[in-house]
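Read off the chains here:
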Amino acid sequence: MADEKTPKPKIELDEKDRQTVPEASPEANEDAPASEPRSAGDAVREGASRVSAWVSGTFPGNERAFWGGVVGLLAALVFFAIGFWRTVVIAVLVLVGIAVGQVLDGDPKIVNALRHIFTRNNQ
């Protein structure tokens, strides 16, 4: 058992952190006016911004390394679940889809990179 004399930790928030703490819901205060219903897209955006804020606060300066690790973990899970060749086919098809989307957007970075790799330098 924990020692009863041990004080409980207190978390103090500065002004920046207080802005990210969610306010009480309108259901908790009956005098507050009812808010408009939120769409699923709003909820997803709010959740994504909270996750992004958590990652930035927990891994400052290493956010991309964290997301790379998450992608690597997902790739490993897919690899073990469906096998190597199926994973390779999915990765290739995703890259083709991204390349087509970039061409349609007018910024074909992947196509230009492949063109640069496979053309000869006649210098």
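If you're wondering where the values come from, they're calculated on a predicted model, not measured in any experiment.

A.B. asks: What's the story with the overall build of the protein chain in this structure? I'm lost.
C.D. replies: A count of helical and extended segments in the protein chain gives 5 helices and 0 strands. Secondary structure elements of the protein chain, listed N to C terminal, follow the sequence α-α-α-α-α. Looking at the protein chain as a whole, 3% of its 123 residues are labelled buried. A total accessible area of about 11600 Å² is found for the protein chain, and carbon and sulfur atoms account for 61% of it.

A.B. asks: In this structure, what is going on with the packing of helix α2 (residues 40-58) against helix α3 (residues 63-82)? I would like to understand it.
C.D. replies: Closest axis-to-axis distance for the α2/α3 pair is 9 Å, and the angle between their directions is 115°. Between α2 and α3 lies a crossing whose hand is right-handed. The segment α2 lies against α3, with Val51, Trp54, Val55 and Ser56 engaging Glu63, Phe66 and Trp67. By residue class, the composition of the contact of α2 with α3 is 5 nonpolar, 1 polar and 1 charged.

About the cut-offs
- Residues numbered from 1 in each chain as written.
- Predicted model: local features only at pLDDT ≥ 70, side-chain atom pairs only at ≥ 80, totals over all residues.
- Heavy atoms only, no water.
- Helix = DSSP H or I, 4+ residues; strand = E, 2+ residues; numbered from the N terminus.
- Buried < 20%, exposed > 50% of the residue type's maximum accessible area, 1.4 Å probe, protein only.
- Areas by Shrake-Rupley, 256 points an atom, 1.4 Å probe, with all protein chains shown as cover.
- Axes fitted to C-alpha atoms, helices over the stretch in contact; angles between N-to-C directions.
- Left-handed = near helix turned anticlockwise from the far one by under 90°.
- Contact = heavy atoms within 4.5 Å.
- Nonpolar A, V, L, I, M, F, W, Y, C, P; charged D, E, K, R; others polar.

These results come straight from atomic positions and should not be treated as a statement about function.
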